[in-house]
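Read off the chains here:
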Amino acid sequence: MKNQHLKQSVLTAGVIAGAAFFGGGWQEAHADTVKNSTAQITTTNPNAATSTTDAQCAVASAQAAVSQAQQKVDSASAAVASASAAVNSATAAQSSAASAASVAQSNYAIASAVAQSQMPSSAEQAAALNGSTIDIKNANLNMFDNSSSDASANVKNQIGEVNVTENWHFNQATQKYEMDPSLKDALTVVPTDESMTLDPTKLTQAQQSEISDYVAALINQIRAKFGLTAWIYNDMTLAQALAIVNYAYNSQNWNTSIKLQEIIAQNKAIEAKNKTAKADEQEPLIDRTDAHDLDKVFDNVEYQYNDTSDKVKASWENIGIISDKNPNIASTLIKTMGDLKRVATVSIWDMLFNDAHSQNSHARMLLSTNTEYVGVAMDNYGVLHIYGLIPSAMQKVNETQTALANANKDVETQKGNLSNAEKELNDAVDALNKAQDALEKANLLMAIEAVAKDANQTSSSQSNDSNTKTSSSKSNKQSSLKDVTVKATSEPTKVSQAKHGDSQLLSTSNAITTAEPSIFERLLPQTGNRNGLGMTILGMLMGMMSFGFLGLRKRRY
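Engineer: What's the story with the overall build of the chain in this structure? I'm lost.
Structural biologist: Summing up its helical and strand segments, the chain has 17 helices and 8 strands in all. Per-residue burial for the chain yields a buried fraction of 45% across its 557 residues. Intrachain contacts of the chain at a sequence separation of at least 6 include 82% that bridge at least 24 residues. A total of about 28000 Å² of accessible surface is found on the chain, and carbon and sulfur atoms cover 51% of it.

This is the structure:
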């Protein structure tokens, strides 16, 4: 009911506005009709002729709201443009990162194939071992699983180990350190080259190569028993391992055995102190891994191989040929290459099955599935170092894969930003449309009130001779009014935008609608004034069409 009433009122307003604009000639001759009609509007709605100032304030406020909404639209449009550019930039970076990752992967495949071709053959590995074996005692890979709640106990259950033992046994009879006799069932060590005497702290390049090949082959033999892929090793991985040892230990004068003795002594002092200390004052024990030079081991290290320079990193390090009881164990035990290989074999056994004190971390390294290259080298203190290696080609793959993952993430982030910016723009456009609708309604209200006021002012200066017109003229006016009304109401959709008018507009529209019969009856020109009639009808139609256009137009952004 409200919308229909408003529709009729707006239509009437269009008629009045048209008549006021184009029917000047007729209005001059019929000022009394305008006066009486305006008086009826004013009587119905007393505020209609006096609230122009309020209407102007409403228009000004609506205009300010439109201006603010337009600024937000402009700002949101700029944000969308910026976000779109960021998406394009991130997409370009993503494409570049994907290309770099592809190139790195290709280069690594080539380098890996070359390294694999240089690896000793199965026959050469068997010759290096010369029958040396380690019995894994039906152990399985699961016992070294990091997820085990008690890895140490699990290992003990698997291999029957009761206590963590010291496998370097001091023989009172010979006054020498020897391999624990209990290992004889687990190890088959065939002495070789007993005639080759050596100093384990001053190995030659050839001796380094022989012990490196022996230990790497022994590890691969064990891995094969667990059904794992063999690691790649060759002269290049030896050069890489030696570079790390020289950088992290030899150049630092770092004797791992001495460091371990220091840690053991410090822990004994801490344990003694903790016995008398309160629970919240007790000190933690020093981790045995501090015997490794952790600040240097995992650096990117340069090495020389075949007259070329490259870089390598260690992903993990295992250390062997050390003793809790004798920091000079290497010099005490090792006199020949046969001694060195036997001691190295016991060290590998220790790492696999006598590692409860390290939560079996050494065993997990030797049996890991995420290592492809292994390097073995002795330092200047007779300590054995085993490394999982990351060559530069593999590093490049890792770096480019990380960069690609970050680029993919950035693209998604920028797309999300663009989506948010587009939503904000849509919201801003909706707000602008509503503000413009409010402005149109405010303008309409002011126009209606202005027409009523102008009609009232004009009619006061005109004569009252319209009351003497004949009844036949009145009949003609009604007939003409009917024709105009039929035309106006034939296009109802042209005023559909006004269906949400505010209360003040509706109040004024109600007044106009109430006054409609007499207004239409009085506004038609008298018989004989054909030009005035034509101009009036044309004015009314133009007024209605103008308002209909304002109501129908659609804004697009």
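Engineer: Just checking my understanding: could you explain the packing of helix α7 (residues 205–225) against helix α12 (residues 337–353) for this structure?
Structural biologist: When two helices pack together, their arrangement is given by the angle between the helix axes and by the axis-to-axis distance. Close contact between α7 and α12 brings their axes to 11 Å; oriented N to C, the two are set at 35°. Remark: the crossing between α7 and α12 carries right-handed chirality. Residue-level contacts link Gln207, Glu210, Ile211, Tyr214, Val215, Leu218, Ile219 and Ile222 of α7 to Met337, Leu340, Lys341, Ala344, Thr345, Ile348 and Leu352 of α12. A class-by-class count of the residues in the contact of α7 with α12 yields 11 nonpolar, 2 polar and 2 charged.

Engineer: Explain the sheet that holds strand β7 (residues 373–378) here, please?
Structural biologist: For sheets, the rule is that strands pair by backbone hydrogen bonds, running either parallel or antiparallel. With respect to topology, 4 strands assemble into an open sheet ordered β5-β6-β8-β7, the strand pairing being antiparallel. Where the open sheet ends on each side, the last strands, each with one partner, are β5 (301–305) and β7. Strand-to-strand twist in this sheet, taken as the mean axis angle between neighbours without regard to direction, amounts to 50°. Looking at chain direction, β5 and strand β6 (residues 308–320) are connected through 5 bridges and run antiparallel. Bridge pairing in β6 places Val301 opposite Val312.

Engineer: Would you mind showing me how to read the side chain of Asp293 here?
Structural biologist: Tracing the backbone through its elements, the reader meets Asp293 in the loop between α9 (256–276) and α10 (294–297). Among buried charged residues, Asp293 stands out as having no salt bridge; its nearest opposite-charge side chain is Lys296, 6.6 Å away. Among residues more than four places away in sequence, those in contact with Asp293 are Ala248, Tyr249, Gln252 and Trp254.

Engineer: When you look at the packing of aromatic side chains in this model, what are you seeing that I'm missing?
Structural biologist: Any pair of aromatic rings gets described here by the distance separating the centres and the angle formed by the planes. Enumeration over the complete set of coordinates arrives at 3 aromatic pairs. Summarising the aromatic geometry, the rings of Tyr249 and Trp254 are spaced 6.4 Å apart at their centres and angled 85° between planes, so their arrangement reads as edge-to-face. Take Tyr249 and Trp254: they sit in the same class, and that class is buried. Sitting over the face of the ring of Trp254, Lys259 holds its NZ or CZ atom 4.4 Å from the ring centroid.

Engineer: Looking at this model, I keep getting lost on the confidence of the model for the chain. Mind explaining?
Structural biologist: The predicted coordinates of low-pLDDT regions are not to be read in fine detail. Looking at the chain, pLDDT values average 76 and 67% of them are 70 or higher. Of all the helices and strands in the chain, helix α2 (residues 24–29) carries the lowest mean pLDDT, 42, while β7 carries the highest, 97. Note on residues 484–506: pLDDT under 50 across the span, and 39 contacts to partners over four residues away in sequence or across chains. Note on residues 511–534: pLDDT under 50 across the span, and 65 contacts to partners over four residues away in sequence or across chains.

Engineer: Just checking my understanding: could you explain the environment of Thr308 for this structure?
Structural biologist: If you trace the backbone, Thr308 turns up in strand β6. At 2.5 Å, the side chain of Thr308 and the backbone oxygen of Tyr305 are in polar contact.

Engineer: Would you mind going over the pattern of salt bridges with me for this structure?
Structural biologist: Side-chain pairs of opposite charge can arise where the charged atoms are in close proximity. Taken as a whole and judged by the stated rule, the model has 5 salt bridges. With a shortest N-O distance of 2.9 Å, Lys273 and Glu283 are connected by a salt bridge. A residue pair is termed long-range when its members are at least 10 positions apart, and Lys273 in helix α9 and Glu283 in the loop between α9 and α10 qualify at 10 residues. Judged by relative accessible area, which is 49%, Lys273 ranks as partly exposed. Taking the shortest distance from any N to any O, the salt bridge between Lys423 and Asp427 comes out at 3.1 Å. Residue Lys423 and its partner Asp427 are both found in helix α14 (residues 392–459); the two are separated by 4 residues, about one turn of the helix. For Asp427, a relative accessible area of 39% translates into the label partly exposed. Taken together, the salt bridges that share partners define one network made up of Glu194, Asp339 and Arg342.

Engineer: Is there a simple way to explain the pairing of β6 in this structure?
Structural biologist: Residues in a regular strand point their side chains to alternate faces of the sheet. In this structure, the hairpin formed by β5 and β6 is closed by a connection of 2 residues, where Asn306 is found at a positive phi of approximately 55°. The sheet contact formed by β6 and strand β8 (residues 384–391) spans 8 bridges and is antiparallel. When the bridges of β8 are listed, Trp316 appears paired with Gly388.

Engineer: Just to check I follow, could you spell out the side chain of Asn234 for this structure?
Structural biologist: Mapped onto the secondary structure, Asn234 falls in the loop between α7 and α8 (235–250). What makes Asn234 buried here is its relative accessible area of 4%. Residue contacts for Asn234: discarding those within four places in its chain leaves Ala115, Gln118 and Met119.

Engineer: In this structure, what is going on with α12? I would like to understand it.
Structural biologist: Since the α-helix packs 3.6 residues into each turn, any two residues three or four apart lie on the same face. With 17 residues, α12 ought to run about 24 Å at 1.5 Å a step, and its terminal C-alpha atoms sit 24 Å apart, in line with that. Within α12, 17 of the 17 residues are buried, leaving the element largely enclosed by the surrounding structure. Among the residues of α12, the N-terminal cap falls to Thr336, whose side-chain oxygen and the backbone nitrogen of Gly338 are separated by 3.3 Å.

Engineer: Teacher, can you tell me more about the nonpolar core here?
Structural biologist: Most often, soluble globular proteins have nonpolar side chains that are buried together. Core analysis: the biggest nonpolar cluster contains 79 residues, and Val215, Ile222, Leu340, Ile348, Ile386 and Tyr387 have the highest contact counts within it. With residues up to four places along the chain from it excluded, the contact list for Tyr387 reads Ala241, Ile244, Val245, Tyr249, Val297, Ala314, Trp316, Glu317, Tyr373, Val374 and Gly375.

Engineer: Sorry if this is basic, but what is going on with the packing of helix α5 (residues 122–129) against α7 here?
Structural biologist: In the contact formed by α5 and α7, the axes pass within 9 Å of each other and the chain directions differ by 110°. As summarised for this structure, α5 and α7 are arranged roughly perpendicular, according to the angle between their axes. Residue-level contacts link Gln125, Ala128 and Leu129 of α5 to Asp213, Tyr214, Ala217, Leu218, Asn220 and Gln221 of α7. Taken together, the residues of the contact of α5 with α7 break down into 5 nonpolar, 3 polar and 1 charged.

Engineer: Before we go on, may I ask you to explain unusual backbone geometry in this structure?
Structural biologist: Where the residue is not glycine, phi is negative for most of them; where a peptide bond is considered, it is trans in most cases. You will see that Asn306, though not glycine, has its phi angle at about 55°, which is positive. By the secondary structure assignment, Asn306 is in the loop between β5 and β6. Although it is not a glycine, Ile321 adopts a positive phi angle of roughly 60°. Its location among the elements puts Ile321 in the loop between β6 and α11 (329–333).

Engineer: In this structure, what is going on with α9? I would like to understand it.
Structural biologist: When the terminal C-alpha atoms of α9 are compared, their 31 Å separation across 21 residues agrees well with the 30 Å that a helix rising 1.5 Å per residue should span. In this structure, the buried side of α9 is in contact with α8, β6 and β8. Measuring from the side-chain oxygen of the N-cap residue of α9 to the backbone nitrogen of Ser257 gives 3.0 Å; that N-cap residue is Asn255.

Definitions and limits used
Residues numbered from 1 in each chain as written. Predicted model: local features only at pLDDT ≥ 70, side-chain atom pairs only at ≥ 80, totals over all residues. Heavy atoms only, no water. Helix = DSSP H or I, 4+ residues; strand = E, 2+ residues; numbered from the N terminus. Buried < 20%, exposed > 50% of the residue type's maximum accessible area, 1.4 Å probe, protein only. Contact = heavy atoms within 4.5 Å. Areas by Shrake-Rupley, 256 points an atom, 1.4 Å probe, with all protein chains shown as cover. Axes fitted to C-alpha atoms, helices over the stretch in contact; angles between N-to-C directions. Left-handed = near helix turned anticlockwise from the far one by under 90°. Nonpolar A, V, L, I, M, F, W, Y, C, P; charged D, E, K, R; others polar. Pairing = 2+ DSSP bridges. Lys, Arg positive; Asp, Glu negative; His and termini not counted. Salt bridge = Lys/Arg side-chain N within 4 Å of Asp/Glu carboxyl O. Phe/Tyr/Trp six-rings, centres within 6.5 Å; stacked < 30°, edge-to-face > 60°. Lys NZ or Arg CZ within 6 Å of the ring centre and 35° of its normal. pLDDT = per-residue confidence, 0-100. Polar contact = N/O pair within 3.5 Å; in protein donor to acceptor, adjacent residues only side chain to side chain. Expected span 1.5 Å × (residues − 1). Core = buried A, V, L, I, M, F, W, Y, C linked by side-chain atoms within 4.5 Å. Parallel < 35°, antiparallel > 145°, perpendicular 65-115°, else oblique.

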